[in-house]
Amino acid sequence: MNQAYPWLFHRNEVDLLEDEIEDLFFKHGRGLKSNAMSFEVRVLREQMRAEEQSEAELAWRLGVKGIGLFAGSDDSESRYSDQVRSHPLYQFSRLWARSLRDVGKSGYMTSGEGRKDYFRIFANANLVPIKIFIALLESGQEDQIGLEVARESYGLTLLFLGRIQDSLVSLRNEIGVSSLIERLIIEGESLRKVVQIQSDELGQSGRFV
């Protein structure tokens, strides 16, 4: 693993997911630089703060500067990333996120009272498989930095997943989508339990199992 840049971002796998997030920030970027307090800006600022705090804490623990999501990987990581793509946890999170994006985007385009929750779901959906991908990838490395990055990624996964679940619960009585929302809540809870187990095992053994 590249010791200088421990948090490697493998765009060959998740660039489309990341691009959708970047589109949201581009669309609402002007509001992020002002004192505007639309619910879209609040959600994106919430997301930014979580990422920045996580990176700062990880950098402090590792004693390095300038940690970020960097493009590129070495050959061994590229080979291992093929295994990560087929990992059941990652595949499940991708399918869940796809359903979330569809529901979130559709609900956000309406004028109902739940638009904020729909937008929050849409804005956070892609972050779950992205962080799971990074956690699985980095936990397969043979160094302590990779393990620390994996732990941090699992923590962010649980954070973003929890925000999605909170918004889903707020929408569970929405007319016309209540059964779909309920299914997504159940799937999200199943995903949360598995991620928590993986995170706990990583912390206990010092290595992903």
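In what follows, the accompanying structure is described. (Residues numbered from 1 in each chain as written. Predicted model: local features only at pLDDT ≥ 70, side-chain atom pairs only at ≥ 80, totals over all residues. Heavy atoms only, no water.)

## Brief notes about the overall build of the protein
Scanning the protein from terminus to terminus reveals nine helices and two strands. Sequence-ordered secondary structure for the protein, helices as α and strands as β, is β-α-α-α-β-α-α-α-α-α-α. Expressed as a percentage of its 209 residues, the buried residues of the protein come to 49%. When contacts within the protein are restricted to residue pairs at least 6 apart in sequence, long-range pairs at least 24 apart make up 75% of them. With an accessible surface of roughly 10500 Å², the protein has 52% of that area assigned to carbon and sulfur atoms. (Helix = DSSP H or I, 4+ residues; strand = E, 2+ residues; numbered from the N terminus. Buried < 20%, exposed > 50% of the residue type's maximum accessible area, 1.4 Å probe, protein only. Contact = heavy atoms within 4.5 Å. Areas by Shrake-Rupley, 256 points an atom, 1.4 Å probe, with all protein chains shown as cover.)

## Side note on the environment of arginine 172
Within the fold, arginine 172 resides in the loop between helix H8 (144–170) and helix H9 (178–205). Along the primary structure arginine 172 and arginine 183 are separated by 11 residues, whereas in three dimensions their C-alpha atoms are 9.7 Å apart. Among residues more than four places away in sequence, those in contact with arginine 172 are Ser178, Ile181, Glu182 and Ile185. Within the structure, arginine 172 has its side chain in polar contact with the side chain of glutamate 182 (distance 2.9 Å). (Polar contact = N/O pair within 3.5 Å; in protein donor to acceptor, adjacent residues only side chain to side chain.)

## Brief notes about the environment of leucine 202
Within the secondary structure layout, leucine 202 lies in helix H9. On the accessibility criterion, leucine 202 (0% relative accessible area) is buried.

## A word on the nonpolar core
If you look at the biggest cluster of nonpolar residues, it comprises 47 residues, and the most contacted ones within it are Trp96, Leu100, Phe119, Val128, Ile132, Leu168 and Leu191. Residue assignment for this core shows that the elements contributing at least two residues are helix H1 (11–27), helix H3 (39–62), helix H5 (88–108), helix H6 (115–125), helix H7 (127–139), H8 and H9. Per element, the largest residue contribution to this core is 10 residues, and it comes from H8. The contacts of tryptophan 96, once residues within four sequence positions are left out, are Val128, Leu161, Ile164, Gln165, Leu168, Leu184, Glu187, Gly188 and Leu191. (Core = buried A, V, L, I, M, F, W, Y, C linked by side-chain atoms within 4.5 Å.)

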